[in-house]
Structure formats: C-alpha cells, structure tokens
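Residue strings, one per chain:
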Amino acid sequence: MKVESVGHAPDPATVRALTRLVGDLVSADAALGWTSPPAQDEIEALLAELAGLAPDDAYLLLARVDGEVAGFGYWRRYSRPTHRPHADLEKLAVAAEFSGRGVGRLLLRALIERARAAGIEQLTLDFRGDNAAAERLYLSAGFREYGRLPDFVAPDAGRRLDKVFHVLDLRHLK
Ligand SMILES: CC(C)(COP(=O)(O)OP(=O)(O)OC[C@H]1O[C@@H](n2cnc3c(N)ncnc32)[C@H](O)[C@@H]1OP(=O)(O)O)[C@@H](O)C(=O)NCCC(=O)NCCS
C-alpha cells in the first residue's frame, strides 16, 4: 500500500478509477456529499481545480494497493481572507473492497502531516451523523467535535441526518 500526492491534473485512467470509486460508494449510500454518482466530467473538473491551486493551498492524495486506486482524500485552504490560516478536509474515501485495512488512517495521517508542513493552523472537516466509521477515525486522530447541525443533511427525500463538525488544531500537535 502506498500513498502518492497529485500535484497536477491526474491522467485519464486515474480520473476513471476515482469516478468509479466515488460512484460505487455513493450508490451504496456513502456520505460524500453527492445524492447520486457524479459524472466523470465533474470529478475531472474537481481534480483540475485542485491541481490549479498553489501547493500550500490544496493537497490531493491517492492511495494505491498493488497499483489500483484504493482511496483518496484532499484538503483545501479556505479562500475567505479571514479564514486563510485554515483548511478544510473536504473528502476522504476508501473503496469498499479496501476498507478496514488501514488505508483511511494512512491517508488521513499523510493529509494532516502535509497540512502542518503547509502552515495550516486548524484543519476542519464535517461528516454525516450516522457515519460511525468516520467519527471513530477522526476522533482517534485527535479531531474534536465543535458543533452539530441537527437534521441538516438530506441524502434523499425521506431522510434528515445531522451534520457534524470536527477540528484539529495543528498548532498544538506534538
Ligand atoms: C471512513 C473511511 C474513510 C475509513 O477508511 P478505512 O480505510 O476503511 O479505515 P481504516 O481501515 O484506516 O480504519 C481506521 C479507523 O476507522 C474506524 N473504522 C473504520 N471502519 C470502521 C467501521 N466499519 N466501524 C467503526 N469504525 C470503523 C476505526 O476507528 C478504525 O481504526 P481501528 O481499526 O484502529 O479501530 C471509509 O470507511 C470510507 O471511505 N467510507 C465511505 C466514505 C466516507 O464516509 N468518508 C468520510 C466522509 S467525511
């Protein structure tokens, strides 16, 4: 298993693999922000957008197992001038066939490390209230809950789930 940073727009095979990974997870009700699998164009545009930012303003990481894309994650520095010292870990996802094997923790650790190196002060993230795996992972990595919006996430017409906010203060991390 290895992680690799992507400082440029990924090649078409990687874009296809990520589109499939995200689509499969979303189809299985993963809480990644989409209500239906995103089109390849959308993933491509997102990756190009991240690649176009300065190195200390965004960081995209891929995990590969035997060459296959097993997961990805990225953070992005806040664009609002008063929030510039901070970044948001917008996505972290591991393909179902590779889950529970330490890929998510490896990605998270490397994302945090890079955020520290980039001078990020506070790393925020949010997740859906029923995402026990994500909650355990983030708490064990040192994140703490700073708020919760009840019934904010609407994955479909019938369900309303909490949106949970976590932060990790990198200034005090040993
Ligand atoms: C959350 C996610 C990234 C975890 O990745 P993973 O590679 O399966 O996790 P790891 O094997 O690295 O496990 C790390 C920790 O996550 C937690 N965890 C992972 N799977 C879990 C499960 N099924 N139930 C409870 N906790 C779980 C545990 O704390 C685990 O540490 P431990 O093994 O020491 O107990 C992955 O399940 C995923 O992509 N889910 C769908 C997308 C998603 O929800 N992303 C997060 C949205 S913000």
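Calculation criteria
- Residues numbered from 1 in each chain as written.
- Predicted model: local features only at pLDDT ≥ 70, side-chain atom pairs only at ≥ 80, totals over all residues.
- Heavy atoms only, no water.
- Phe/Tyr/Trp six-rings, centres within 6.5 Å; stacked < 30°, edge-to-face > 60°.
- Helix = DSSP H or I, 4+ residues; strand = E, 2+ residues; numbered from the N terminus.
- Buried < 20%, exposed > 50% of the residue type's maximum accessible area, 1.4 Å probe, protein only.
- Lys NZ or Arg CZ within 6 Å of the ring centre and 35° of its normal.
- Salt bridge = Lys/Arg side-chain N within 4 Å of Asp/Glu carboxyl O.
- Polar contact = N/O pair within 3.5 Å; in protein donor to acceptor, adjacent residues only side chain to side chain.
- Arc of directions from axis to C-beta.
- Contact = heavy atoms within 4.5 Å.
- Core = buried A, V, L, I, M, F, W, Y, C linked by side-chain atoms within 4.5 Å.
- Near = heavy atom within 4 Å.
- Nonpolar A, V, L, I, M, F, W, Y, C, P; charged D, E, K, R; others polar.
- Patch = residues over 30% accessible without salt bridge, like charges linked within 9 Å, V, L, I, M, F, W, Y side chains within 5 Å.
- Areas by Shrake-Rupley, 256 points an atom, 1.4 Å probe, with all protein chains shown as cover.
- Lys, Arg positive; Asp, Glu negative; His and termini not counted.
- Charge placed at Lys NZ, Arg CZ, Asp CG, Glu CD.

In the annotation of an unreviewed UniProt entry, the chain is listed under the name GNAT family N-acetyltransferase and assigned to Flexivirga aerilata.

**Student:** Explanation requested: the packing of aromatic side chains in the structure shown.
**Tutor:** Taken as a whole and judged by the stated rule, the model has 4 aromatic pairs. Measuring from centroid to centroid gives 6.2 Å for Tyr59 and Trp75, while their planes differ by 40 degrees, and the two rings are tilted. Taken as a pair, Tyr59 in strand 2 (residues 58-65) and Trp75 in strand 3 (residues 68-77) lie far apart in primary sequence, 16 residues in all. Take Tyr59 and Trp75: they sit in the same class, and that class is buried. One aromatic cluster in this structure is built from Phe127, Tyr138 and Phe143. A cation over a ring is seen here: Lys91 above Trp34, with NZ or CZ 4.7 Å from the ring centre. One Lys or Arg, Arg114, reaches over the ring of Tyr59 and ends 5.6 Å from the middle of that ring.

**Student:** I keep staring at the pattern of salt bridges and nothing clicks. Help me out?
**Tutor:** For side chains bearing opposite charge, pairing can occur when the charged atoms are close. Overall, the coordinates contain 16 salt bridges when judged by the stated rule. Between Arg64 and Glu4 there is a salt bridge, and its shortest N-O distance comes to 3.3 Å. Residue Arg64 is located in strand 2, and its partner Glu4 is located in strand 1 (residues 2-5); the two are separated by 60 residues in the primary sequence. Through salt bridges with shared partners, a single network forms among Asp29, Arg128, Asp130, Asp156 and Arg159.

**Student:** Please explain the side chain of Arg76 as it appears in this structure.
**Tutor:** Considering the arrangement of structural elements, one finds Arg76 in strand 3. Among the polar contacts listed, one links the side chain of Arg76 to the side chain of Glu49, at a separation of 2.7 Å. Among the polar contacts made by the side chain of Arg76, one reaches the side chain of Glu90 at a distance of 2.8 Å.

**Student:** Please explain helix 4 (residues 132-140) as it appears in this structure.
**Tutor:** A turn of α-helix holds 3.6 residues, and therefore any two residues three or four places apart point the same way. Every buried residue of helix 4 is listed here: Ala134, Leu137 and Tyr138. The buried residues of helix 4 occupy an angular sector of 95 degrees when the element is viewed end-on, so they sit on one face. Against strand 4 (87-94), helix 3 (103-117), strand 5 (122-128) and strand 7 (161-169) lie the buried residues of helix 4.

**Student:** Quick question: what am I supposed to make of the nonpolar core here?
**Tutor:** Soluble globular proteins tend to pack their nonpolar side chains together in the buried interior. Within the largest apolar cluster, 52 residues are counted, with the highest numbers of intra-cluster contacts made by Phe72, Trp75, Leu123 and Tyr138. Setting aside residues no more than four positions away along its own chain, Leu123 makes contact with Trp75, Ala87, Asp88, Leu89, Ile112, Ala115, Phe143, His166, Val167, Leu168 and Leu170.

**Student:** Before we go on, may I ask you to explain the site of the ligand in this structure?
**Tutor:** In the vicinity of the ligand lie 21 residues, with Val94, Gly102, Gly104, Arg105 and Asn131 positioned nearest. In the model, an oxygen atom of the ligand is placed 2.7 Å from a nitrogen or oxygen of the Val94 main chain. Interatomic distance of 2.9 Å between a side-chain N/O atom of Arg136 and an oxygen atom of the ligand. Looking at the shell around the ligand, the elements with two or more residues in it are strand 4, helix 3, strand 5 and helix 4. Top contributing element to the shell around the ligand by residue count: helix 4, with 5 residues. Within the shell around the ligand, the residues separate by chemical class into 12 nonpolar, 5 polar and 4 charged.

**Student:** In this structure, what is going on with a negative patch on the surface? I would like to understand it.
**Tutor:** Residues Asp24, Asp66, Glu68 and Glu97 make up a contiguous surface patch of negative charge. The residue Asp66 is located in the loop between strand 2 and strand 3 in this model.

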